[in-house]
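Here is how the chains run, residue by residue.
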Amino acid sequence: MRWAELLVLGTVASYQLAALPFAALLHRLCTPRRCSPAARYVSLLAGGCLLATVSMGGYAALLFIPAAASVLLLLLASPARVHSWAFGLQMSWQTLCHLGLRSQVPDPQDTRPAVVLSAIMLLTQKVTSVALDVHEGTVTLAPGQGVLQRALPLCSYLLSFPALLGGPLCSFRRFQAQVEFPLASRRRLGAAGRRCLCALALQALRAALEGPLAAVQGRAGLGSVLSVWAQALLFRLAYYSQWLLDEALVEAAGLGPEAGQGDVAGSDLWALESTNRVAVFARTWNRSTSRWLRRLVFQRCPARPLLATFAFSAWWHGLQPGQLFGFLCWALMVEADYRLHAFLRARAACCAARLLCYGATWLFTQLIVSYVLVAVETESFCELRRLWASPISVLPLAYSLALLLL
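About the cut-offs
Residues numbered from 1 in each chain as written. Predicted model: local features only at pLDDT ≥ 70, side-chain atom pairs only at ≥ 80, totals over all residues. Heavy atoms only, no water. Helix = DSSP H or I, 4+ residues; strand = E, 2+ residues; numbered from the N terminus. Rg over C-alpha atoms; globule rule 2.2 N^0.38 Å. Buried < 20%, exposed > 50% of the residue type's maximum accessible area, 1.4 Å probe, protein only. Contact = heavy atoms within 4.5 Å. Areas by Shrake-Rupley, 256 points an atom, 1.4 Å probe, with all protein chains shown as cover. Lys, Arg positive; Asp, Glu negative; His and termini not counted. Charge placed at Lys NZ, Arg CZ, Asp CG, Glu CD. Domains from an automatic or database assignment. Buried area = accessible area lost by both parts, 1.4 Å probe. Expected span 1.5 Å × (residues − 1). Arc of directions from axis to C-beta. Disulfide = S-S within 2.5 Å. Axes fitted to C-alpha atoms, helices over the stretch in contact; angles between N-to-C directions. Parallel < 35°, antiparallel > 145°, perpendicular 65-115°, else oblique. Left-handed = near helix turned anticlockwise from the far one by under 90°.

Caption draft 1: Quick peek at the overall build of the protein chain. Counting its secondary structure elements, the protein chain contains 17 helices and zero strands. Its C-alpha atoms give the protein chain a radius of gyration of 22 Å, near enough to 22 Å, the size a compact globule of 406 residues would have. Expressed as lengths along the three principal axes of its C-alpha atoms, the size of the protein chain is roughly 65 × 50 × 45 Å. Every one of the 406 residues in the protein chain was classed for burial, and the buried ones make up 50%. Sequence separation of at least 24 residues holds for 79% of the intrachain contacts in the protein chain that already meet a minimum separation of 6. When the accessible area of the protein chain is evaluated, it comes to approximately 18900 Å², of which 67% is carbon and sulfur surface. Taking the 34 positively charged and 19 negatively charged side chains of the protein chain as two groups, their mean positions are separated by 7 Å.

Okay, structure coming up:
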């Protein structure tokens, strides 16, 4: 299992916590009366370059090169072709980085390669998002201004320190508006504080559950249903905590998407853990990335958009064996979920039957999501075969059979 992923999340969390006071200070100081928009852009960009250098070391060059190339492409390419060129350039570079860094002999204590890969994946989101905006005509890069005046907001958007290592995807237009017309608000700092407290509470819960869940895995065996569920629960808690901390940092800096458009909120946590629909879980999990995938792939694919979206997600995550298997399995489970619930709704007439269906499908959703998450976090074929041979594989097979029959 990729338990190193938890180490990477912990490393990123430490950098995000260290950047929080600087983000709050920047937000308080960079008011329209004290600071010009250019100075705010430069501050965000300089902070991003410094954070990249500290957290990635020499690997930071792998982030700076595509960022600079993307800015040149966005400024020079025609709006009709900018999205195709930006998509091809960024995904090619990201794939080469995934293959090159993961072919090295890994050092379990060196998190820099994983941190830079995560930052490059986030850079891909921002580059393709602004390229789509330019292609669709919703963003014009001020052709009447000088090159430096046009390049500075783009560079700051791609490398700003609050969203460099994590954070929900924010559109370029909203980023520009927040930088050029900042609102000094205590409400933002209060929201950032609440998210930090929630993130720390989830981290404490994960630390408290780690020992008992390890004991459960030891008694039940690594391939058992309880073991897979326990592993997935630890991963989910780590991701929830990291997303809340990411949003706290962008809130403290006065940046970020509109309310309800981020990665996770309190209502999202309840929806994720209480839903009995695999499809709802897929839409709510990492919400801003889900919306980005929907806009980039699902709405633009003429045939099999659901399968294409999950296949591209596997490519974007790195094309490891577990990622390929996990995301394609997830696509099948979502498609089966639509048909199975339509079938059950037509036959669950009384209240008792509906409650029974909800309880059963909630349990199935929990186990299927656990199976997919553990598969995605699996790197080797040996571990993948062991997961495939475990008893929990019966449930995805049953859903696949339901998809064929219904």
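Continuing now.
Caption draft 2: Quick look at the domain arrangement of the protein chain. Domain annotation for the protein chain reports domain 1 (32-181) and domain 2 (187-405). Taking the mean C-alpha position of each, domain 1 and domain 2 sit 27 Å from one another. Residue-level contacts link 28 residues of domain 1 with 26 residues of domain 2. Interface area for domain 1 against domain 2, summed over the two sides, is near 2400 Å², with a carbon-plus-sulfur share of 61%. It is Gln125, Pro162 and Pro168 that lose the most area in domain 1 upon contact with domain 2, and together they represent 23% of the buried surface on that side.

Caption draft 3: Looking closely at helix 4 (residues 82-102). Between its terminal C-alpha atoms helix 4 stretches 30 Å, which fits the 30 Å expected from 21 residues at 1.5 Å a residue. Within helix 4, the full set of buried residues consists of Val82, His83, Ala86, Gln90, Met91, Gln94, Cys97, His98 and Leu101. Each buried residue of helix 4 lies within a common arc of 130 degrees when the element is viewed along its axis, so the set occupies one face. Residues of helix 4 that are exposed and point more than 90 degrees away from the buried face comprise Ser84, Trp85, Leu96 and Leu99. Residues of helix 4 that are buried make contact with helix 3 (61-76), helix 5 (112-136), helix 12 (287-296) and helix 13 (305-317).

Caption draft 4: Region of interest: helix 2 (residues 37-56). The terminal C-alpha atoms of helix 2, which comprises 20 residues, lie 28 Å apart, in line with the 28 Å expected from a rise of 1.5 Å per residue. Along helix 2, the residues that are buried comprise Arg40, Tyr41, Leu44, Leu45, Gly48, Leu51, Ala52, Ser55 and Met56. Down the axis, helix 2 shows its buried residues gathered within 130 degrees of arc, on one side only. Pointing more than 90 degrees away from the buried face of helix 2 are the exposed residues Leu50 and Val54. In the segment just after helix 2, glycine 57 is the residue with positive phi, at about 65 degrees.

Caption draft 5: Here's a closer look at the state of the cysteines. As enumerated under the stated definition, the model contains zero disulfides in all. No disulfide involves cysteine 351; its sulfur sits 7.4 Å from that of cysteine 350, the nearest cysteine. Overall, cysteine 351 belongs to the partly exposed group, its relative accessible area being 47%. In this model cysteine 357 remains outside any disulfide bridge; the closest cysteine sulfur is found in cysteine 350, 8.9 Å from its own.

Caption draft 6: Broad picture of the environment of alanine 39. By secondary structure assignment, the location of alanine 39 is in helix 2. It is 9.8 Å that separates the C-alpha atoms of alanine 39 and valine 179, two residues lying 140 residues apart in sequence.

Caption draft 7: Quick peek at the side chain of histidine 98. Of note, histidine 98 is situated in helix 4. Histidine 98 sits in the buried class, given a relative accessible area of 3%. Setting aside residues no more than four positions away along its own chain, histidine 98 makes contact with Leu117, Met121, Trp316, His317 and Gly318.

Caption draft 8: Quick look at the packing of helix 5 against helix 12. Across the interface, helix 5 lies against helix 12 with an axial gap of 11 Å and an inter-helix angle of 45 degrees. Taken together, the axes of helix 5 and helix 12 are oblique relative to one another. Classified by chirality, the crossing of helix 12 by helix 5 is left-handed. Contacts between helix 5 and helix 12 involve Thr124, Gln125, Thr128, Ser129, Leu132, Asp133 and Glu136 from the former and Thr289, Trp292, Arg295 and Leu296 from the latter.

Caption draft 9: The arrangement of the environment of phenylalanine 64 in detail. Positionally, phenylalanine 64 belongs in helix 3. The class of phenylalanine 64 is partly exposed, set by a relative accessible area of 27%. Put simply, phenylalanine 64 and serine 393 are 329 residues apart on the chain and 42 Å apart in space, counted from C-alpha to C-alpha. Excluding its chain neighbours within four sequence positions, the residues that come into contact with phenylalanine 64 are Cys49, Ala52, Thr53 and Leu159.

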